[in-house]
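Here's the letter readout for the chains.
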Amino acid sequence: MRQSLIMGNWKMNGSREEGQQLAKALAEGLGSVNQEVAVCVPFVYLSDIRTVLAASPIALGAQNVADQASGAYTGEVSAAMLADCGVKYSLVGHSERRSYYGDSNESVAKRFVQAQKQNIIPVLCVGETLEEREQNRTFQVVEEQLDTVIDAAGIEAFANAVIAYEPVWAIGTGKTASDEQAQEVHKYIRQQIAKRSQAIADKVQILYGGSVKPDNAKGLFAMPDIDGGLVGGASLDAKGFLQICHSV
Ligand code: PEP
């Protein structure tokens, strides 16, 4: 039985004070849950939010990690720095990074490897655009994104990693994949892992992301291959995010 994971992605939103208030509301309101809960916060607020979450079970996540270990990479933040700030998870290959900042499959694979070198659990985001879905290329696109990382890191690396299926057409658009559409791709992802290792396929958490809201979370999380959610917009509202956390 896989443990569920609900992860908020605050993206580039809010001030320090707003972030602290949100984290405080989550820490105070979570209550007892069996699933893991985490929030991926802007780099500059990691230490502040870490302090607020210190006494709570909510884990700290980053939204990206450098593809190099250290050195002359102005503007980047290394996995060692994130580990230093108490980060447990880091997103890698979020579609906004891929589409606006040119993160290629190869660079995403390097980020994944760098995170793991510092014992940070990478959350590998994969997913197709609307155009790719309409061309019936969903499986192909997801497979390529996954394979590049498997080739670079090895299948064993997925014993300590999370995968997030995030159809790009569903992110921030209010359009959610139906429970069945999401399950179909989650199952396919698990099969790709199972081709190399059944044990790891059985264990790896695969999250769904793309306009998860309190009113659609339950149906999605009830699907057999959906192990939780990566939640963007709805994670900025404490009440709604807590409802999602309790939808597992
Ligand atoms: C995301 O940021 O990964 C995401 C899924 O956003 P939203 O929930 O707003 O679609």
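Residues numbered from 1 in each chain as written. Predicted model: local features only at pLDDT ≥ 70, side-chain atom pairs only at ≥ 80, totals over all residues. Heavy atoms only, no water.

Asker: Tell me about unusual backbone geometry, residues and numbers included.
Answerer: Positive phi is not limited to glycine here, since Asn 119 has a value of about 60 degrees. Its location among the elements puts Asn 119 in the loop between α5 (105-117) and β5 (121-126). The backbone phi angle of Asn 136 is positive, close to 60 degrees, even though this residue is not glycine. Its location among the elements puts Asn 136 in the loop between α6 (130-134) and α7 (138-153). Residue Asn 136 is classed as exposed on the basis of its relative accessible area of 73%. (Helix = DSSP H or I, 4+ residues; strand = E, 2+ residues; numbered from the N terminus. Buried < 20%, exposed > 50% of the residue type's maximum accessible area, 1.4 Å probe, protein only.)

Asker: Help me get a handle on the nonpolar core, residues and values and all.
Answerer: For soluble globular proteins, the rule of thumb is that nonpolar side chains tend to be buried together. Counting residues in hydrophobic clusters, the biggest one holds 64 residues, and the most contacted among them are Leu 124, Phe 158, Ile 163, Ile 189, Ile 193 and Tyr 208. No other element matches the five residues that helix α11 (residues 238-245) contributes to this core. In this structure, Leu 124 is in contact with Val 92, Arg 98, Val 108, Phe 112, Leu 146, Val 149, Phe 158, Val 162, Ile 163 and Ala 164, ignoring residues within four places of it in sequence. Among the nonpolar cores identified, the runner-up in size contains 13 residues, and Ala 38, Cys 40, Tyr 89 and Leu 207 belong to it. (Core = buried A, V, L, I, M, F, W, Y, C linked by side-chain atoms within 4.5 Å. Contact = heavy atoms within 4.5 Å.)

Asker: Could you give an account of the packing of helix α1 (residues 16-29) against α11, naming the residues involved and the relevant values?
Answerer: Look at α1 against α11: their axes get within 10 Å of each other, and the N-to-C directions meet at 40 degrees. In terms of orientation, α1 lies oblique with respect to α11. The interaxial crossing formed by α1 with α11 has right-handed handedness. Taking contact as the criterion, the partners of Leu 22, Ala 25, Leu 26 and Gly 29 in α1 are, on α11, Ala 238, Phe 241 and Leu 242. Across the contact of α1 with α11, the residue classes break down as six nonpolar, one polar and no charged. (Axes fitted to C-alpha atoms, helices over the stretch in contact; angles between N-to-C directions. Parallel < 35°, antiparallel > 145°, perpendicular 65-115°, else oblique. Left-handed = near helix turned anticlockwise from the far one by under 90°. Nonpolar A, V, L, I, M, F, W, Y, C, P; charged D, E, K, R; others polar.)

Asker: Explain the layout of surface pockets to me, using residue names and the numbers behind them.
Answerer: In this model, the largest pocket occupies a volume close to 480 Å³. As for the largest pocket, its lining consists of 16 residues, of which Lys 11, Met 12, Gln 63, Arg 97 and Tyr 101 are closest to the centre. Per-element accounting of the lining of the largest pocket gives the leading share, three residues, to helix α4 (residues 95-100). Residues that form the lining of the largest pocket fall into these classes: eight nonpolar, five polar and three charged. (1 Å grid on protein atoms, 1.4 Å probe; cavity = no way out; pocket = protein on both sides within 12 Å on 5 of 7 lines; lining within 4 Å. Points joined across faces, edges and corners; volume = space filled by probe spheres on them.)

Asker: Mind laying out the site of the ligand, listing which residues take part and the relevant values?
Answerer: Every one of the 14 residues lining the ligand counts as a neighbour, but Lys 11, Glu 166, Gly 172, Ser 211 and Gly 233 are closest to it. Contacts to the ligand include His 94, whose side-chain N or O atom sits 2.8 Å from an oxygen atom. Within the backbone of Ser 211, an N or O atom sits 2.7 Å from an oxygen atom of the ligand. Residue classes in the shell around the ligand are distributed as four nonpolar, eight polar and two charged. (Near = heavy atom within 4 Å. Polar contact = N/O pair within 3.5 Å; in protein donor to acceptor, adjacent residues only side chain to side chain.)

Asker: I'd like to hear about the pattern of salt bridges, residue by residue, with values.
Answerer: As enumerated under the stated definition, the model contains 12 salt bridges in all. For Lys 24, the salt bridge identified is with Glu 28, shortest N-O distance 3.4 Å. Linking Lys 24 with Glu 28, this pair stays in helix α1, spanning four residues, or about one helical turn. By relative accessible area, which is 46% here, Lys 24 ends up partly exposed. Of the charged contacts in the structure, one is a salt bridge between Arg 133 and Glu 128, with a shortest N-O distance of 2.7 Å. (Salt bridge = Lys/Arg side-chain N within 4 Å of Asp/Glu carboxyl O.)

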